[in-house]
Amino acid sequence: GRLVGATAEGEELAAEAALRPKDLAEFVGQPKVREQLDLVLRAARARGGTADHVLLSGAPGLGKTTLSMIIAAEMGAPIRITSGPAIQHAGDLAAILSSLAEGEVLFLDEIHRMSRPAEEMLYMAMEDFRVDVIVGKGPGATAIPLELPPFTLVGATTRAGLLPPPLRDRFGFTGHMEFYAPTELERVIHRSARLLDVTVSDGGAAEIAGRSRGTPRIANRLLRRVRDYAQVRGDGVVTEEAAARALTVFEVDDRGLDRLDRSVLEALLKLFGGGPVGLSTLAVAVGEERETVEEVAEPFLVREGLLARTPRGRVATPAAWAHLGLTPPPGTPV
Ligand code: ADP
C-alpha cells in the first residue's frame with residue numbers, strides 16, 4: 001500500500017477480505033444505495049428470478065467489490081470476479097460468459113477499461129443472454145450464436161460518465177457510491193477493530209476517521225498501522241493519542257495527506273510560488289510519474305480544495321498555503 005509503506009500486496013488483500021461485511025445490514029453507510037439495492041434484490045428474490053444488471057460508480061475503496069459480493073450472497077448465487085483490463089479480447093469474455101452458472105453474479109471491475117470488441121459482445125450478452133462467437137477470419141468467418149444462462153452483471157467504474165451510453169443504458173440500476181462521513185468511518189473502524197480483536201476508544205476511532213479521506217479501505221489500513229504502533233509502543237489500546245502519534249510516524253497528516261500529497265503540494269508552493277505550473281514539470285520536481293501525480297495525488301488535493309487544475313496549469317489555493325503553514329508571496333492571486 002502506498003499510504004503506509006511496505007505492506008505486501010498479498011497481506012493487504014487478505015486483510016481486506018477478512019474485514020468485508022457479508023450482508024447489506026452489515027454494510028455501513030451509503031443509505032441510498034443500500035435501500036435501492038435492497039428493493040431490487042428483494043423483488044428479484046420474490047420473483048424467483050435473477051437480479052437485473054447493476055452498475056456501481058465511485059472512487060476506489062468505497063465498497064464496490066464488497067457490494068458485489070453482498071449481491072451474490074443475498075441472491076444465494078456464486079460470484080465470478082474479473083476486471084476490464086484483464087479482458088484483452090472478445091474471446092476472453094466469451095470464455096467467461098459461457099462458463100457462468102445460472103444466476104451467477106459476474107463482477108467486472110473497471111468496466112470502462114474493457115476493449116471495444118469485448119464491450120460490443122457484452123451488449124448482446126446483457127440484453128439477450130446470447131453471444132456470437134466468431135469462427136474463422138475474413139470472408140469465410142461465421143458467427144456461431146451461443147445461448148447463455150441468465151446472469152447478473154455487476155459493473156464497477158470510478159465514474160458512470162466514463163461508460164459509452166449504450167453500455168450504461170443496459171444496466172437496470174446504477175448505484176452512486178459517495179465518500180463516507182467521518183461518523184460512518186468511525187463505525188467502520190469500530191466494526192473492524194472488533195474483528196481484529198483490538199480495543200479502540202471513541203477518540204481513537206475519530207482520530208483515524210478524520211485522516212481516512214472518506215474511504216473505508218484507507219480507514220481499515222490506517223487502523224492496522226495504528227494497531228501495530230499501539231502494540232509495539234503502547235499497551236495495545238488505540239487511544240486518540242496513540243492514533244495521532246502512529247499516523248505521524250506513518251506520515252499521514254491530520255487532514256489525511258500522505259507523503260506524496262505533501263511533496264506535490266510543497267513543490268507547488270516552494271518551487272513554483274503556488275503555480276500555475278504544468279503537470280509534467282510538477283511531476284519531475286517530485287520525482288514521480290505524471291500519472292501518479294494526476295491520478296493518485298491530485299483527485300484528493302482537488303477535493304480538499306488545496307489544488308486547482310486550470311487551463312494554464314496547476315495552482316495552489318490559499319488553503320494550501322495555510323495547511324503547510326506557509327505565507328503566500330505578495331501579489332499571489334487569490
Ligand atoms: P472498491 O471495490 O470500491 O475499491 P472494496 O469493496 O474493495 O472497495 O472495499 C475496500 C475495503 O473497505 C474492504 O476491506 C471492505 O471491507 C471495506 N469497506 C468498504 N465499504 C465498506 C462499508 N460500507 N462498511 C464496512 N466496510 C467497508
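Residues numbered from 1 in each chain as written. Predicted model: local features only at pLDDT ≥ 70, side-chain atom pairs only at ≥ 80, totals over all residues.

**Examining the site of the ligand**
Defined as follows: Residue proximity rests on one test: whether the C-beta atom, placed from the backbone, lies within 6 Å of the molecule or strand. Each helix corresponds to a stretch of at least 4 residues labelled H or I by DSSP, and each strand to a stretch of at least 2 residues labelled E; elements are numbered beginning at the N terminus.
Every one of the 19 residues lining the ligand counts as a neighbour, but Gly63, Lys64, Thr65, Thr66 and Pro216 are closest to it. Those elements that place two or more of their residues in the shell around the ligand are α3 (64-75) and α9 (216-233).

**With respect to the pairing of strand β1 (residues 54-57)**
The condition that has to hold: Residue burial here comes from a neighbour count, namely the number of other C-beta atoms, placed from the backbone, that lie within 10 Å of the residue's own C-beta, with 20 or more meaning buried, 12 or fewer meaning exposed, and in between meaning partly exposed. When DSSP locates at least two bridges between a pair of strands, those strands are taken to pair.
Neither face of β1 is exposed, since Val54 and Leu56 on one face and Leu55 and Ser57 on the opposite face are all buried. Bridge count between β1 and strand β6 (residues 152-157): 4 bridges; the pairing is parallel. Directly across from Leu55, in β6, lies its bridge partner Gly155. In this sheet, strand β7 (residues 173-176) lies alongside β1 in parallel orientation, the contact comprising 4 bridges. From the neighbouring strand, Leu55 faces β7, where its bridge partner is Thr174.

**Some words on the packing of helix α8 (residues 202-210) against helix α10 (residues 240-249)**
The test is simple: Inter-axis angles, ranging from 0 to 180 degrees, are taken between N-to-C directions of lines fitted to C-alpha atoms, where helices are fitted over the stretch in contact. Comment on the angle field: the value is read as roughly parallel under 35 degrees, roughly antiparallel over 145, roughly perpendicular from 65 to 115, and oblique elsewhere. Contact between two residues is assigned whenever their backbone-derived C-beta positions fall within 7 Å. The residue classification treats Ala, Val, Leu, Ile, Met, Phe, Trp, Tyr, Cys and Pro as nonpolar and Asp, Glu, Lys and Arg as charged. All others, Gly included, are polar.
As a packed pair, α8 and α10 sit with axes 7 Å apart at the nearest point and diverge in direction by 30°. Classified by the angle their axes make, α8 and α10 are roughly parallel. Contact residues: Gly203, Gly204, Ala206, Glu207 and Ile208 in α8; Glu240, Ala242, Ala243 and Ala244 in α10. Considering only residue class, the contact of α8 with α10 consists of 5 nonpolar, 2 polar and 2 charged.

**Description of α3**
Defined as follows: Multiplying one less than the number of residues by 1.5 Å gives the expected span of a helix.
Between its first and last C-alpha, α3 extends 17 Å over 12 residues, near the 16 Å set by a 1.5 Å rise per residue. The inward-facing, buried residues of α3 abut α2 (31-47), β1, β2 (79-83), β3 (105-109) and β6. The first or second residue beyond α3 is Gly76, which carries a positive phi of 60°.

**A word on the UniProt feature "binding site: ATP" (unreviewed entry) in the protein chain**
The criterion, for reference: UniProt positions are given in the numbering used here, feature names are shortened, and annotations may be inferred rather than shown by experiment.
Cross-referencing UniProt, the feature "binding site: ATP" (unreviewed entry) maps to Leu19, Arg20, Gly61, Lys64, Thr65, Thr66, Glu127, Asp128, Phe129, Arg170, Tyr180 and Arg217 in the present numbering. Across 199 residues of sequence, these annotated residues are also dispersed in space, with a maximum C-alpha separation of 36.7 Å. Under the C-beta neighbour-count criterion, Arg20 is labelled partly exposed, with 17 such atoms within 10 Å. Residue contacts for Arg20: discarding those within four places in its chain leaves Thr66 and Met69. Mapped onto the elements of the fold, Thr65 is located in helix α3. Ignoring anything within four residues of it in the chain, the contact list for Thr65 reads Phe107 and Asp109.

**Here's the deal with the nonpolar core**
Note the threshold: A set of buried residues qualifies as a nonpolar core if it consists of Ala, Val, Leu, Ile, Met, Phe, Trp, Tyr and Cys joined through C-beta atoms within 7 Å.
Counting residues in each nonpolar core, the largest one holds 39 residues, and the members touching the most others are Leu56, Ile71, Leu93, Leu106, Ala118, Met121 and Val154. Contributions of two or more residues to this core are made by α2, β1, α3, α4 (90-98), β3, α5 (116-128) and β6. Listed in part, the 22 residues of the second largest apolar core include Ile189, Val200, Ala205 and Ile208.

**Some thoughts on the UniProt feature "binding site: Mg(2+)" (unreviewed entry) in the protein chain**
UniProt's entry tags Thr65 with the feature "binding site: Mg(2+)" (unreviewed entry), counted in the numbering of this structure. We classify Thr65 as buried; it has 21 C-beta atoms within 10 Å.

**Comments concerning α4**
Cut-off, in case you're wondering: What the arc describes is the spread of directions from the helix axis to the C-beta atoms.
Taken residue by residue, α4 has Ala90, Leu93, Ala94 and Leu97 as its buried positions. Down the axis of α4, the buried side of the element spans an arc of 105°, and every buried residue falls inside it. Tucked into the core, α4 has its buried residues touching α5 and β4 (130-135).

**Quick word on the environment of Asp197**
Along the chain, Asp197 falls in the loop between α7 (182-196) and α8. Separated by 151 residues in the primary sequence, Asp197 and Ala46 place their C-alpha atoms 38 Å from one another.

**Some words on the pairing of β4**
Bridge analysis of β4 against strand β5 (residues 142-147) gives 6 bridges, and the strand direction is antiparallel. Paired with Ile134 across the strands is Ala143, a residue of β5. In this antiparallel pair of consecutive strands, β4 and β5, the connection spans 6 residues, and Gly136 shows a positive phi of 85°.

**Let's talk about the sheet that holds β1**
In spatial order, the strands read β2-β3-β6-β1-β7; together these 5 strands make up an open sheet with parallel pairing. With partners counted over all chains shown, the strands left at the sheet margins are β2 and β7, one partner each. With strand direction ignored, the average angle separating the axes of adjacent strands in the sheet is 15°. Across 4 bridges, β3 lies against β6 in parallel orientation. Its bridge partner being in β6, Val105 is matched across the sheet by Thr152. Contacting β1, β2, β3 and β6, α3 crosses the sheet at an angle of about 175° to β3.

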